[in-house]
Amino acid sequence: FDLDAADFGLAPKQFRERLHKPVLGSNGGSELLKAFPGNLAALRRHIGYFQTYYRSPSWPGMVVCSCSRLIEQGGLVQAKSMERLRDLGSGIQQFSKYLGLAAFYRNRIFITQRVVGPNAMLSQTILLPFDEYQRVYLRGTTMGISWRRENLPYASRMIWRHVGTEPDLRELLARCGPVPLSSRQLPPTVRSF
């Protein structure tokens, strides 16, 4: 259990935290963590906020618009995403927060995130930057689990639009939600992708 004698003197709450803390180095988990951040210098060029877009089987005929942030902390690049979905017809309102890490390898950005909360799940996004030609859009693929369609796995094209390092956060969040593919809210580059 990787406990020391002194751990038995901890307060009950601290002891439980220590007991359930993953032990790095005793399994393959530490090898996975060594993958992050990869090429940190290359990844730093993509730090900031993004409006993100993808097609979800939960919202047929729509594009789900969310927001994400890549931020460097402690030598890692953390990925934080928020999704705000409303279905007025069925009265569904969903707010999801994702936390994870980003890595840069072979001119690709790999983002692994988990949903924070009781309905935790993992998602994986792979993005392709085009540094020489443009730095606004990152195109790629995302994989996750549908929340309304029997939790079936799915994959979709995904595009991230860089909106800077200090955007109007209220405006960024206000644009989140399912959007018809024909909406003028979608930039032409997003619609064509």
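Residues numbered from 1 in each chain as written. Predicted model: local features only at pLDDT ≥ 70, side-chain atom pairs only at ≥ 80, totals over all residues. Heavy atoms only, no water.

## Thoughts on the overall build of the chain
Where we set the bar: Numbering goes from the N terminus for both helices and strands, where a helix is a DSSP run of H or I of at least four residues and a strand is a run of E of at least two. The rule is simple: take the accessible area with a 1.4 Å probe, protein chains only, and divide by the maximum for that residue type; under 20% is buried, over 50% is exposed, in between is partly exposed. Whether two residues are in contact is decided by their heavy atoms, any of which lying within 4.5 Å being enough. Using the Shrake-Rupley algorithm and a 1.4 Å probe, accessible areas are obtained, with residue cover drawn only from the displayed protein chains.
Counting secondary structure elements, the chain contains 5 helices and 9 strands. Taken from the N to the C terminus, the helices and strands of the chain come in the order α-α-α-β-β-β-β-β-β-β-β-α-β-α. For the chain, the residues scored as buried account for 38% of the 193 residues in total. By sequence separation, contacts in the chain at least 24 residues apart represent 49% of the contacts at least 6 residues apart. Per element, the accessible surface of the chain, about 11700 Å² overall, is 55% carbon and sulfur.

## With respect to the environment of Gly164
Inspection of the secondary structure puts Gly164 in strand β8 (residues 153–164). C-alpha of Gly164 to C-alpha of Tyr49: the two residues are 115 residues apart in sequence and 5.7 Å apart in space. Not counting the four nearest positions on each side in its chain, Gly164 is found in contact with Gly48 and Tyr49.

## Remarks on the nonpolar core
Here is the rule we go by: Working definition of a nonpolar core: buried Ala, Val, Leu, Ile, Met, Phe, Trp, Tyr and Cys residues. They are joined through side-chain atoms within 4.5 Å.
Leu70, Ile109, Ile111 and Trp160 are the most contacted members of the largest nonpolar core, which has 20 residues in total. With near-sequence residues (within four places) excluded, Trp160 lies in contact with Phe50, Gln51, Thr52, Ser68, Leu70, Ile111, Thr125, Leu127, Val136, Tyr137 and Leu138. Judged by nonpolar contacts, the second largest core, of 8 residues, contains Val63, Cys65, Tyr137 and Val190.

## Regarding the confidence of the model for the chain
Rules: Every residue is assigned a pLDDT by the predictor, reflecting its confidence on a scale from 0 to 100.
For the chain, mean pLDDT is 86; residues scoring 70 or higher make up 89% of the total. Across the chain, the element-wise mean pLDDT spans from 76 in helix α2 (residues 29–33) up to 96 in strand β1 (residues 48–54).

## With respect to the pairing of β1
Sheet faces and side chains relate simply in a regular strand, where the side chains alternate between the two faces. The test is simple: We call two strands paired when DSSP finds no fewer than two bridges between them.
Buried residues dominate β1, accounting for 7 of its 7 residues. Alignment of β1 against β8, held across 6 bridges, turns out to be antiparallel. Along β8, the bridge assignment pairs Phe50 with His162.

## Things to note about the pattern of salt bridges
We count it as follows: A side-chain nitrogen of Lys or Arg and a carboxyl oxygen of Asp or Glu constitute a salt bridge if their distance falls within 4 Å.
Evaluation of the coordinates by the stated rule reveals 4 salt bridges. A salt bridge links Glu31 to Lys34; the shortest N-O distance between them is 2.9 Å. A relative accessible area of 57% means that Lys34 is categorised as exposed.

## Let's talk about the pairing of strand β7 (residues 137–145)
Note that strand β6 (residues 122–128) and β7 share 5 bridges and pair antiparallel. Bridge pairing links Leu128 to Arg139 in β7. Inspection of the sheet shows β7 paired to β8 by 9 bridges, in the antiparallel sense. Directly across from Ile145, in β8, lies its bridge partner Pro153.

## Considerations on the packing of aromatic side chains
Cut-off, in case you're wondering: Each Phe, Tyr or Trp ring (for Trp, its six-membered ring) is paired with any other whose centre lies within 6.5 Å, and the angle between the two planes then decides the class: stacked below 30 degrees, edge-to-face above 60, tilted in between. A ring has a charge above it when a Lys NZ or an Arg CZ is no more than 6 Å from the ring centre and no more than 35 degrees off the ring normal.
With the rule as written, the count across this model stands at 2 aromatic pairs. With a centroid separation of 5.5 Å and an interplanar angle of 40°, the aromatic rings of Phe8 and Phe15 are classed as tilted. Here Phe8 falls in the exposed class, since its relative accessible area comes to 58%. The ring of Phe193 is capped by Arg157, whose NZ or CZ atom sits 5.0 Å from the centre of that ring.

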